[in-house]
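# Close look at the chain arrangement
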Amino acid sequence: MKVRRLMAVWTAKIISAACRLSGRQGVTLAGKIALKIDPGILRDLSSQVREKIFVVCGTNGKTTTNNLLCSAVESEGKKVICNHTGSNMLSGVAAAFVLSAGISGRLDADYACIEIDEASTLRIFPHFKPDYMILTNLFRDQLDRYGEIDLTMKILSQAMAMAPEMKLILNGDDALSAYLAMESKNDFVTYGITEQVFHDQDSREIREGRFCKKCGAKLEYEFYHYSQLGRYRCPSCGFERPPIEYDAKNISMEHGLSFEVEGRSFHADYRGFYNIYNILAAYAGAREAGFALSRFSQVLESFNPQNGRMEQFSIDGTKIILNLAKNPAGFNQNISAVMEDPSEKDLIIVINDNAQDGTDISWLWDVDFERFLDPSVKSVTVSGIRCQDMRLRMKYVDIPSTLVEDVEKAIKDRIQHGCGNLYVLVNYTALYSTRNILAGMQER
Amino acid sequence: MEIRIGHLYPDLLNLYGDRGNIQCMVKRCQWRGIEASVTEYQLEDPIDFSGLDIILLGGGSDREQAIVCEKLKTIREDFKAYVEDMGVVLAVCGGYQLLGHYYDTDQGRIEGLSLADLYTEQGSPRLISNIIIENEDFEMPFVGFENHGGRTYTGDLKPLGKVLFGCGNNGKDKKEGILYRNIVGTYLHGPLLPKNPHLCDYLLKNALMRKYGQAELSPLEDREEKEANLYIRKRFLERQ
């Protein structure tokens, strides 16, 4: 058995290194092969984690939340295993453990922070039962893979039942997450935002789960933050937003993000209201595990959102921000973040339809692209496999766009002829390649 | 000239970019100087069918469809009169299933409107694919995306098209959708109309004909629309 594990660990390390040399992301492949050589490897290695295992689930914000949580736990002097790159299906999760193991095949870690694709929970939980699950939110995502959001909820509820000792840390502003937690037998705590932040409420935005999951009646909202997140109650059966344990107050978005929680003030230097939720989720998770988080401010300060989550590049005098946008809720939040920047800007939107993106791209029509109709938006370039669909989408909000299928070409053109401030919005499979292109150009 | 569009229950039936179908109809009216208005109906709203020229019934999850089905019973007679009077209807996915007599699911039967002689049975697996269909009466094939558990059987009704790629009504008889009176029922979303501007114009034309007795739609350039349509055909048909 021992030999088999060593074989698995070594092979995975070699594959991963070889892939990195050839510029490909080999994490998933490494995990897949390790599991093939030693099917018990994930169970073995995860049981060697000395203290607790966190998992992060939810439609949007998993990677940022998980990486932030990892930094927060590390700031407490702990050794943490984390699937930083966001490879979050069974092989990716296995790889995170296998690649962290020493050549002796043993693991040296106090904590694990693992993001998991919702649909993969049922395949991963037989290997280990987490101590905490952070549930960020549930939005419409990749319809053709999941069928419907009801199915995702069913899967998560089964996963929660598989790990009855696991404590849930969830976004109380999301009625769907709250419903799941209340219906489960798991212990749970909530984070959220009780004060109203946005005063112009757009009623057209697609909102998932506006109907009470318990009784089917239409939920009443005092206000929305975005999508279906807000302050809700059911007039018919009494289901309502649970009390919020970690409540962000005095929110300001003038210069980055500022807010208070538990009477402590925090500031982060990046944009996007949704990032308040990501920060809150990580904070709540670490606090629940008993950490004082006395250095959380420094964690936020030094945290550079990576992997194309508002990641910054600077190439030949052009400031470039790369951001992942893979579903309507995420894209609408992205548009808000871009438009929070009042200066002139060029946009590149890259849309692929590979299996991991969801081969159905109908969701593009549920995104409020008309908000890009603004004098500060100097140009829009559409790129990626489904650039034709994206160009058509822009046509129907009266925004002309330039079609450049090749992403690198599109970026080069905007660096040469653009206004010096470029936003690149990409969906999932376009992320890695686009990031490679940008990182390569920045190095040169 | 004015086209009045009624969007039925977008709160519940809005799964597959149905807003795109509305946007497409509205824009293609506006670009030609035809006024277009959209009324969204919630479950509790009364519907005056005499004030509508086009009705859109979109897709929802099975659960949401069951909620809508209860409501539909109360408007069935008015809806039927509208259809028999050549009122224009676009019904997509779940909305298409609701046009028929029933949809049998493992959770029980969802009663339909019986506006068209079709019925649906749940099947497995879900039929999920890009889809291309052809109808000789139209100058260009229709392209879209389908994602449905239901298998729909349409008897002698005229299909919207013959399946060239993808699954269609039930994955067996190579038929997709229906054309009945002025109803277009289909599993194609993606959404349907933007990449099939000729189908959008067909709906608009029928609505204008019914209302004004004449319908001259000035041609639009449609370069982006046609290229997006062609892209799908090239990618999936040339591979076969």
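Residues numbered from 1 in each chain as written. Chains lettered and ligands numbered in written order. Predicted model: local features only at pLDDT ≥ 70, side-chain atom pairs only at ≥ 80, totals over all residues. Heavy atoms only, no water.

The helix and strand tally for chain B stands at five helices and 12 strands. On C-alpha atoms alone, chain B measures out to a radius of gyration of 17 Å, which is about the 18 Å that the 2.2 N^0.38 rule sets for 240 residues. Overall size of chain B, expressed as C-alpha extent along the three principal axes, is 50 × 45 × 30 Å. Within chain B, the fraction of its 240 residues that count as buried is 60%. Taking the contacts inside chain B whose residues are at least 6 apart along the sequence as the reference set, 70% of them involve residues at least 24 apart. Averaging the coordinates of the 29 positive side-chain charges in chain B and doing the same for the 37 negative ones gives two points 4 Å apart. (Helix = DSSP H or I, 4+ residues; strand = E, 2+ residues; numbered from the N terminus. Rg over C-alpha atoms; globule rule 2.2 N^0.38 Å. Buried < 20%, exposed > 50% of the residue type's maximum accessible area, 1.4 Å probe, protein only. Contact = heavy atoms within 4.5 Å. Lys, Arg positive; Asp, Glu negative; His and termini not counted. Charge placed at Lys NZ, Arg CZ, Asp CG, Glu CD.)

A word on the overall build of chain A. Helix and strand counts for chain A stand at 15 helices and 18 strands. Taken against the 2.2 N^0.38 rule, which gives 22 Å for 444 residues, the C-alpha radius of gyration of chain A at 21 Å falls within 12% of a compact globule. In terms of its C-alpha atoms, chain A occupies a principal-axis envelope of roughly 65 × 60 × 40 Å. Out of the 444 residues in chain A, the part that is buried amounts to 63%. Taking the intrachain contacts of chain A between residues at least 6 apart in sequence as the baseline, contacts between residues at least 24 apart amount to 71%. A gap of 6 Å separates the mean positions of the 51 positive and 56 negative side-chain charges of chain A.

Residue and element names in this part refer to chain B. Ordered in space as β2-β1-β3-β4-β12-β11, the six strands form an open sheet in which the pairing is mixed. Looking at strand neighbours, the two that pair on one side only are β2 (35–41) and β11 (178–180), the edges of this open sheet. The average angle at which neighbouring strand axes cross in this sheet is 15°, direction not considered. Pairing geometry for strand β1 (residues 2–8) and β2, over seven bridges, is parallel. Bridged to R4 within β2 is S37. (Pairing = 2+ DSSP bridges. Axes fitted to C-alpha atoms, helices over the stretch in contact; angles between N-to-C directions.)

Residues and elements named next belong to chain A. Residues F331, F369 and F372 are the most contacted members of the largest nonpolar core, which totals 114 residues. Three or more residues apiece are contributed to this core by two domains, here domain 1 (50–302) and domain 2 (311–443). Each residue touching F372, except ones within four places of it in the same chain, is listed here: I335, V338, M339, L347, I349, V377, M394, I399 and L425. Formed by 57 residues, the second largest nonpolar core is a distinct cluster that contains V55, L138, A181 and F239. (Core = buried A, V, L, I, M, F, W, Y, C linked by side-chain atoms within 4.5 Å. Domains from an automatic or database assignment.)

This part is about the pattern of salt bridges. Counting across every chain of the model gives 40 salt bridges over all chains. E224 of chain B is the salt-bridge partner of K395 of chain A, the closest N and O atoms lying 3.2 Å from each other. Residue K395 of chain A is located in helix α13 (residues 387–395), and its partner E224 of chain B is located in helix α5 (residues 223–237); the two belong to separate chains. Both residues of the pair, K395 of chain A and E224 of chain B, belong to the buried class. (Salt bridge = Lys/Arg side-chain N within 4 Å of Asp/Glu carboxyl O.)

A few words on the sheet that holds strand β4 (residues 132–135) of chain A. All names here are of chain A. Pairing is parallel across the open sheet formed by seven strands, whose spatial order is β2-β3-β1-β4-β5-β6-β9. Taken across any chain shown, the strands that pair with only one partner, and hence form the sheet edges, are β2 (80–82) and β9 (246–247). Pairing of β2 with strand β3 (residues 111–115) involves three bridges; the strand directions are parallel. Looking at the pairing, V80 lines up with Y111 of β3. Packed onto the sheet, helix α8 (residues 149–162) meets β1 (53–57), β4 and β5 (167–171) and runs at close to 160° relative to β4. Across the sheet, helix α10 (residues 274–288) lies against β1, β4, β5, β6 (188–192) and β9, angled at about 150° from β6, the strand it touches most.

Further remarks concern the confidence of the model for chain B. If pLDDT is low for a region, its predicted coordinates should not be looked at in detail. Summarising the model, chain B shows a mean pLDDT of 94, and 99% of its residues fall at 70 or more. Both scores are given for the predicted complex: the pTM is 0.86, the ipTM 0.96. (pLDDT = per-residue confidence, 0-100.)

Turning to the environment of Q107 of chain B, a few remarks are in order. All names here are of chain B. Among the structural elements, Q107 can be located in the loop between β5 (102–105) and β6 (108–111). For Q107, a relative accessible area of 74% puts it in the exposed group. Separated by 25 residues in sequence, Q107 and Y82 have C-alpha atoms that sit 31 Å apart.

This part is about the interface of chain A and chain B. The interface of chain A with chain B comprises 34 residues on the first partner and 39 residues on the second. A combined buried area of about 3300 Å² lies between chain A and chain B, and 47% of that area is made up of carbon and sulfur atoms. Summed over the shared surface of chain A and chain B, the number is eight salt bridges. With a closest N to O distance of 2.6 Å, E227 of chain B and R391 of chain A form a salt bridge. Inspection of the region where chain A meets chain B yields 12 residue pairs in polar contact (both at pLDDT 80 or more). Listed by contribution, the elements that provide at least two residues to the side of chain A that touches chain B are α7 (143–146) and α13 of chain A. With six residues, α13 of chain A is the single largest residue contributor to the side of chain A that touches chain B. Its residues placed into classes, the side of chain A that touches chain B shows nine nonpolar, five polar and 20 charged. (Buried area = accessible area lost by both parts, 1.4 Å probe. Polar contact = N/O pair within 3.5 Å; in protein donor to acceptor, adjacent residues only side chain to side chain. Nonpolar A, V, L, I, M, F, W, Y, C, P; charged D, E, K, R; others polar.)

This part covers the domain arrangement of chain A. Residue and element names in this part refer to chain A. Once the domains are mapped, chain A shows domain 1 (50–302) and domain 2 (311–443). The distance between the C-alpha centroids of domain 1 and domain 2 comes to 26 Å. Facing the 21 residues of domain 1 at the interface are 21 residues of domain 2. Carbon and sulfur atoms supply 42% of the area that domain 1 and domain 2 bury against each other, a total of about 1700 Å² over both sides. If you look at where domain 1 meets domain 2, you find zero salt bridges. For the side of domain 1 that touches domain 2, the element with the most residues is α7, which contributes three residues. In terms of residue class, the side of domain 1 that touches domain 2 is made up of seven nonpolar, six polar and eight charged.

Turning to the side chain of E146 of chain B, a few remarks are in order. Residues and elements named next belong to chain B. With respect to the secondary-structure elements, E146 resides in strand β8 (residues 142–153). There is no salt bridge for the buried E146, and the closest opposite charge comes from R151, which lies 8.9 Å off by N-O distance. Within the structure, E146 has its side chain in polar contact with the backbone nitrogen of C167 (distance 2.6 Å). Of the polar contacts made by the side chain of E146, one reaches the backbone nitrogen of G168; its length is 3.0 Å. Sequence-distant contacts of E146, that is, excluding residues within four places in its chain, are made with L127, I128, S129, I131, G166, C167, G168, Y187 and H189.

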